[in-house]
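Listed here are the chains, written in short residue letters.
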Amino acid sequence: MKQLALFITFLLSLNVTAQSDQDALKTIYSQSLTNGKAYQWLDHLSNQIGGRLSGSVSAEKAVQYTKSELEKLGLDKVWLQEVMVPKWERGDKEVAHFTTNTSRFDVNICALGGSIATANSGLEAAVIEVKSFEELAELGTKVKGKIVFFNGAMNPELIHTFEAYGGCSKQRYAGAYEASKLGAVGVIVRSLNLRQDDLPHTGSMGYMDLSNDQRIPSAAISTNDANKLSEALQKDTNLKFYFKQNCQQFEDVLSYNVIGEITGSEFPDEFMVVGGHLDSWDLGDGSHDDGAGVVQSMDVIRLLKESGIKPKRTIRVVLFMNEENGLRGGKKYAEEAKRKNENHVFALESDSGGFSPRGFSFDCSEAVLNKVLGWESLFKPYLIHYFEKGYSGADIGPLKNETIVMAGLRPDSQRYFDHHHAANDTFDAVNKRELELGTATMTSLVYLFDKYGTSDMSQVKEFKD
């Protein structure tokens, strides 16, 4: 009888706990939707500072601005973590066109991040089209002296658009490397965009172990122009493509990760990280990629305070520098955490845009995922339904070990690649309410993991033992 009474008391306590969690999430969402600061911060970051390419003056302004704003929140500690980052500049606006026997067509083009420049007079050569590295390998030395046109498109049949992106992003990153080894003189890549438009999308590329004299210029062209060029090549395989770009790589420069924390009341030596990357590409102002993740992460730590929640564990917001073209910030943070022997138990990243949140993907054990699934009813009123195992985030990736629970916010991704790395990644493309819903969803997950820990042992099991 005594055991039964204890068990009934325990079940009743679970019901009370569930109710308190419902109230906590309701408060978090209410605070975010009526008293959020993420949109205000994003306005300044995007419209007053703009694109924040690593090593740029704008990136440094973003560091100082976000540090100042975190200090205003009255956190227990705010500091800058030094990190050396690459400095690459685009230079003058790129130009391109192709000519057939009868006509000339102007092309929307942009240099890929890390590419070398063309000669001052530009580069003109015949074009050969491929849609994969396998096709390129089959052509072999036939590409010698030519510009290789990688026209592999994102697969529109994939509902998870990041899968479509991953399926062809290697052409952008390693295209120049593979083409140069076969004697090509330049590379142009179809923009990684599911929409048909005139906007070229930049992104990082790498030369790996190529010597300086083996490196060739690499650029992206819009999806509309990729279609036009492909159609033209079917009629005239001898057409000439011309492009000119003036980009330049400099020596590494000093920059910073921006970090703020609330010290845990019970387990101060257990660290929970929430973050996004402060740098962006330079064509737009980086509102979705990743200004949204930056301001959401900042507001998570503010919402915890505003909601009267006193974390048991130390909560850190980390604004990582140089995710786009080097991941130096994420690597540096992990190196310092290891050097200090810090025990990181949880990490959450927002780097998929500021669209309506759908849920999270988790890099964790099945047991921990099952624990998360037990929280589904808490998120249901807010239309959050996606809780799956999967990728967490690039910047928190270097923290991975056997015990840490890692998660990535998963907003609706159908429009994300319309803006990704392009000139239309701007503040006006971000919806205030969607951004704030994402912030509240992140804060709620942090609250629950802080309250219940990252152990895969349930309270019921503990009672039965």
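Each value, and the rule that gives it
- Residues numbered from 1 in each chain as written.
- Predicted model: local features only at pLDDT ≥ 70, side-chain atom pairs only at ≥ 80, totals over all residues.
- Heavy atoms only, no water.
- Helix = DSSP H or I, 4+ residues; strand = E, 2+ residues; numbered from the N terminus.
- Expected span 1.5 Å × (residues − 1).
- Phe/Tyr/Trp six-rings, centres within 6.5 Å; stacked < 30°, edge-to-face > 60°.
- Buried < 20%, exposed > 50% of the residue type's maximum accessible area, 1.4 Å probe, protein only.
- Axes fitted to C-alpha atoms, helices over the stretch in contact; angles between N-to-C directions.
- Parallel < 35°, antiparallel > 145°, perpendicular 65-115°, else oblique.
- Left-handed = near helix turned anticlockwise from the far one by under 90°.
- Contact = heavy atoms within 4.5 Å.
- Nonpolar A, V, L, I, M, F, W, Y, C, P; charged D, E, K, R; others polar.
- Pairing = 2+ DSSP bridges.
- Arc of directions from axis to C-beta.

As a further point, take helix α5 (residues 161-181). When the terminal C-alpha atoms of α5 are compared, their 31 Å separation across 21 residues agrees well with the 30 Å that a helix rising 1.5 Å per residue should span. At the C-terminal side of α5, Gly 183 shows a positive phi close to 95°.

What follows deals with the packing of aromatic side chains. Across all of its chains, the model carries 18 aromatic pairs by this definition. For the ring pair Phe 133 and Phe 150, a centre distance of 5.6 Å and an interplane angle of 90° mean the geometry is edge-to-face. With Phe 133 in helix α4 (residues 133-139) and Phe 150 in strand β6 (residues 147-150), this residue pair connects regions lying 17 residues apart in the sequence. Given the relative accessible area of 17%, Phe 133 is considered buried. Ring centres of Phe 360 and Phe 362 lie 6.0 Å apart, and the angle between their planes is 50°; this geometry places the pair in the tilted category. Residue Phe 360 is classed as buried on the basis of its relative accessible area, which comes to 0%. Within the aromatic cluster, the residues linked to one another by ring pairs are Phe 162, Tyr 165, Tyr 416 and Phe 417.

This part covers the packing of helix α2 (residues 38-49) against helix α3 (residues 57-72). Two elements in contact, α2 and α3, have axes separated by 11 Å at closest approach and are oriented at 155°. Between α2 and α3, the crossing angle belongs to the class labelled roughly antiparallel. Note on packing geometry: the crossing formed by α2 with α3 is right-handed. Between α2 and α3, the residues in contact are Trp 41, His 44, Leu 45 and Ile 49 and Ser 58, Lys 61, Ala 62, Tyr 65, Thr 66 and Glu 69, respectively. Its residues assigned to classes, the contact of α2 with α3 comprises five nonpolar, three polar and two charged.

Next up on the list: the sheet that holds strand β10 (residues 248-262). What the eight strands build is an open sheet, ordered β1-β10-β12-β11-β13-β16-β14-β15; its pairing is mixed. At either margin of the open sheet sits one strand with a lone partner, and together these are β1 (77-89) and β15 (386-389). Strand after strand, the sheet turns through a mean of 20° between neighbouring axes, direction not considered. Sheet topology note: the β1/β10 ladder contains 12 bridges and is antiparallel. Each residue of the ladder has a partner; that of Leu 80, found in β10, is Val 258. On top of the sheet, helix α7 (residues 287-306) reaches β10, β11 (267-277), β12 (313-320) and β16 (405-411); it is set at about 150° to β11, its chief contact. Here helix α9 (residues 366-373) sits on the sheet and contacts β14 (357-363), β15 and β16; the angle it forms with β15, its principal contact strand, is near 175°.

Our next topic: α9. Looking at α9, one finds that the buried residues are Val 368, Leu 369, Lys 371 and Val 372. An end-on view of α9 places all buried positions within 155° of arc, on one side of the element.

Turning to unusual backbone geometry, a few remarks are in order. Of note, the bond from Asp 289 into Asp 290 is cis; its omega dihedral lies within 30 degrees of zero at 0°. As for its position among the elements, Asp 290 is in helix α7. Phi is positive for Leu 327, which is not a glycine, with a value near 60°. Note on placement: Leu 327 falls in the loop between β12 and α8 (328-339).

Moving on to the sheet that holds strand β8 (residues 218-221). Pairing is mixed across the open sheet formed by eight strands, whose spatial order is β3-β2-β9-β5-β6-β7-β8-β4. Edge positions in the open sheet fall to β3 (104-106) and β4 (109-111), since each of these has one partner strand only. Each neighbouring strand pair of the sheet contributes to a mean axis angle of 30°, computed without reference to strand direction. Bridging between β6 and strand β7 (residues 186-190) involves four bridges; their strand directions are parallel. Paired with Phe 150 across the bridge in β7 is Val 189. α5 contacts β6, β7 and β8 of the sheet and is inclined by roughly 155° relative to β7.

What follows covers the pairing of β12. With respect to burial, β12 is a largely interior element, eight of its eight residues being buried. As paired elements, β10 and β12 share five bridges and run antiparallel to each other. In the strand pairing of β12, Glu 261 is matched with Arg 316. Direction of pairing for β11 relative to β12: parallel, over a ladder of eight bridges. Bridged to Val 274 within β12 is Val 317.

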